[in-house]
Amino acid sequence: MTWTRWARRLGAGLHRATDTLKLRVVVVAVLSGWLASAVSVFFILQASEHEALGSASRQQAQELQLLAALLDARLQNIEALLVLLGQAVSPERLQHPAGLPEAWAQQRQAFPVFDFLDLARADGVPVLRHVQAPALPQSLDVAVEQVRLQALADGQAHVWAPVGRWPDEKPLVLLAQPLKNAAGQLQAVLVGGVSLYSAQLLPPQLTRATLGGEAVMVFNADGVLLAHPSAARLLGQAHEEPGLAGLLTRWKAQGSPMATEAQSLLDARHLSSLAGLSVAPWGVARVTPLQQALAPYQEVGRWAWCLTAGVALVCAALGGWLILWLTRPISQVLRRMHQVLDRSVPAARNWPQVGGELGQLVAMLRQVATAQEREQQSLRVMVGQLEAILEHASVGIVVTRHRTLELLSHRASAMMGYAPGELHGQPARVLYPSDAAYEELGRQVREQFGGQGFFDGELVFRRKDGHDFWVHMLGRGVVPGDPEGGTIWIFDDITAEREARRALSWSASHDSLTGLVNRRELEHRLLLQLQHRVQAGPAALSRDEAGEVAEAGGCVLFVDLDHFKAVNDLAGHAAGDQVLRQVARVMEGLVRQTDTVGRLGGDEFALLLPGCTLERATHIAEALRSHIEALPIHLPLEQGTQAHAIGCSIGLIELGPQYPDVAAVLHAADMACYQAKRGGRNQVVVTRAGLSVAGG
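Residues numbered from 1 in each chain as written. Predicted model: local features only at pLDDT ≥ 70, side-chain atom pairs only at ≥ 80, totals over all residues. Heavy atoms only, no water.

Undergrad: Got a sec to walk through helix α5 (residues 140-154)? Specific residues and values, please.
TA: With 15 residues, α5 extends 22 Å from end C-alpha to end C-alpha; this agrees with the ideal 21 Å at 1.5 Å per step. Of the positions making up α5, those classed as buried are Leu140, Ala143, Val144, Val147, Arg148 and Ala151. One side of α5 holds all its buried residues, which, seen down the axis, span an arc of 130 degrees. Opposite the packed face of α5, turned more than 90 degrees from it, sit the exposed residues Val142 and Ala153. Next to the buried residues of α5 lie β1 (116-121), β2 (126-131), β3 (158-159), β4 (172-180) and β5 (186-195). With its phi angle positive at about 65 degrees, Gly155 sits one or two positions after the end of α5. (Helix = DSSP H or I, 4+ residues; strand = E, 2+ residues; numbered from the N terminus. Expected span 1.5 Å × (residues − 1). Buried < 20%, exposed > 50% of the residue type's maximum accessible area, 1.4 Å probe, protein only. Arc of directions from axis to C-beta. Contact = heavy atoms within 4.5 Å.)

Undergrad: I'd like to hear about the side chain of Ser413, residue by residue, with values.
TA: In this fold, Ser413 is placed in helix α11 (residues 410-416). Look at Ser413 and you get buried, because its relative accessible area is 2%. Other than its neighbours up to four places away in sequence, Ser413 contacts Leu408, Tyr418, Ala419, Pro420 and Gly421.

Undergrad: Explain the side chain of Asp118 residue by residue, including any values.
TA: Examined against the element boundaries, Asp118 turns out to sit in strand β1. A relative accessible area of 6% means that Asp118 is categorised as buried. A distance of 2.4 Å separates polar atoms of two side chains, one belonging to Asp118 and the other to Arg148. Other than its neighbours up to four places away in sequence, Asp118 contacts Leu128, Arg129, Val144, Arg148, Val189, Leu190 and Val191. (Polar contact = N/O pair within 3.5 Å; in protein donor to acceptor, adjacent residues only side chain to side chain.)

Undergrad: Which residues make up the pattern of salt bridges, and what values do they have?
TA: One pass over the structure, following the stated rule, counts 25 salt bridges. In this structure, Arg498 and Glu458 form a salt bridge, with 2.7 Å as the shortest nitrogen-oxygen distance. Here Arg498 is found in helix α13 (residues 495-509), whereas its partner Glu458 is found in strand β13 (residues 454-462), with 40 residues between them in sequence. By relative accessible area, Arg498 is classed as partly exposed at 26%. The exposure class assigned to Glu458 is partly exposed, which follows from its relative accessible area of 35%. (Salt bridge = Lys/Arg side-chain N within 4 Å of Asp/Glu carboxyl O.)

Undergrad: I'd like to hear about the sheet that holds β5, residue by residue, with values.
TA: Pairing is antiparallel in the open sheet, where five strands are placed in the order β2-β1-β5-β4-β3. Unpaired on one side and paired on the other, β2 and β3 mark the two borders of the sheet. Pairing of β4 with β5 involves nine bridges; the strand directions are antiparallel. Note that in β5 the partner of Gln177 across the bridge is Leu190. Most of the contacts of α5 go to β5, to which it runs at about 140 degrees, and overall it touches β1, β2, β3, β4 and β5. (Pairing = 2+ DSSP bridges. Axes fitted to C-alpha atoms, helices over the stretch in contact; angles between N-to-C directions.)

Undergrad: Describe the packing of aromatic side chains, and please don't skip the residues or the numbers.
TA: Counted by the stated rule, this structure contains six aromatic pairs. Residues Phe455 and Trp489 carry aromatic rings whose centres are separated by 6.1 Å and whose planes lie at 70 degrees to one another, so their mutual orientation is edge-to-face. In this pair, Phe455 sits in strand β13 while Trp489 sits in strand β15 (residues 487-493), placing the two residues 34 residues apart along the sequence. By relative accessible area, which is 1% here, Phe455 ends up buried. Seen from their ring centres, Phe461 and Phe491 are 5.3 Å apart, and the 80 degrees between their planes marks the pair as edge-to-face. Of this pair, Phe461 sits in strand β13 while Phe491 sits in strand β15; the two residues are 30 residues apart in sequence, bridging distant segments of the chain. (Phe/Tyr/Trp six-rings, centres within 6.5 Å; stacked < 30°, edge-to-face > 60°.)

Undergrad: Can you break down the layout of surface pockets residue by residue, with the values?
TA: The volume enclosed by the largest pocket comes to roughly 710 Å³. Sorting the residues of the lining of the largest pocket by element identifies β11 (396-401), α12 (435-452), β14 (468-477) and β15 as the ones contributing at least two each. Among the elements that line the lining of the largest pocket, the one with the most residues is α12, at seven residues. Its residues assigned to classes, the lining of the largest pocket comprises 16 nonpolar, eight polar and six charged. (1 Å grid on protein atoms, 1.4 Å probe; cavity = no way out; pocket = protein on both sides within 12 Å on 5 of 7 lines; lining within 4 Å. Points joined across faces, edges and corners; volume = space filled by probe spheres on them. Nonpolar A, V, L, I, M, F, W, Y, C, P; charged D, E, K, R; others polar.)

No statement about biological role is implied by the geometric values presented.
Have a look at this one:
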């Protein structure tokens, strides 16, 4: 028996022994236990890290408090040395201070500490200033005066802020000591100056940075850095230091900005501690990079994670092999489902033979796959029918969803000038001339869908070549009430139909010979003008093109051609028609776009000039008369052409309340024209409020 056959039998035995879903759940539970172990290690390490940070924070706070106590002791020692020098100042020496430097020099422990000494009486009169430093800060006198006044005010010793600009000047710390006589009366103030960075106060090695980036700083109550590992940061602002701003803000918010008890703050990058001095309003801070504080813990954490990863890898390998073995039937079912989806084999064949819960699952999957195969066959038939409809439909059919073209018939693509399938997946906006037209259609669709459940209207589409055309479109939701189902649109090209309607509408309102509006349309516009005058009231005014103010009514001209009958008699009606067209063009050229020129019939015309003053209308009438009189007319006769002249008689009336309707207006204008005829023709007669005025 070979090892391969033995392994197969062993695998078959294990398969039969583990052919239950329950056992597989147990295996998953074991794996979950392993995962829980890893999670536990993670949280234990997190807790250890938190505890390590707490311990480091407490230790750093304790060390910083010791450093603050050391600085306190140094300042107290310097104050004691200043008191020792003050004891040499007697009332006699205040009167004769020449021997004071010699007396101070005998104090070998105290005298060399101070760079300068300044003595002044209680009334402010200077007594003696002794200088040992080679150079003093420029602002020293002002600072000395301020600290002396403060000591005189309260009779207490004071430590003043450093004086001098680093690095140009050597900063000095001023200490003021009030001197009293045997009766306890204040008789003088002794001010001593000590170099800030002297060995007795803040030597550079006190705040030297470590290799890990740890920094110790000293600052005063104003946040000015008195000591810093970097010389460039001396006398800078403490709140600008990384990791220190938050701690300073929290400490000052507690109302004790220079409390002696140390506090610590942990942020994302630093561990910061802060403590105050009791002798001077100074603070000591220590900022340690978090990486340095956690270095020992991180080494232990890396070792723990490596061990956990190794154990997890071994367990995962064993567990993976076991899961693959146990789930082999599931893989077979999955492979069979892929075959069903690929339609490589019939849905009812080649399913794995398994028992238990998995066997029941296989049986249900077989039924689902068989039903799906039947549905796919029915769907293919329906798709074929739909493709036939889309290919042969005589109207355009489009299905949109989420403003995207998902399905188009061949007729729809052809009407838009695109190849079949070219518009598939394109935004529906490409069918419309502009964004405004597209948004307006959206508004109309929402209104009609909300009111009647479908859309029915006429709109403009744009072809691929840029030409616009009109369509009549019907739209309805594929699934009523469900916008996610999309919308089906059916449309047809009605450009020719709309053009025919427009031409029919134009011919009904215009004279076919001259292109002017006919009598019916002129009377309609005149009626609208009369109604507008009544609604506007007698006080309503308008302004014509010449800038003159006119009543809302306007004027009407009635024009009758003179000597026109001779044209028809001599040259025929074709020549007469040509003359009428020439006269129509002359009239159109003399009026505004808002005016109306109409042919009433034969050789009679009328002009409606809304909002035009009588004076302006008179100028137009005279210009019209002179232009028609000068119109060159050449009549075609058998023996050649013959020049002929015509004229016109014009009746002009101003619209007013005396003309209540259209008939009254036209009658009045006709009567004015008749007066022009009787008066000798080729003239203008103006009628206003019942008066007639003849023109040349």
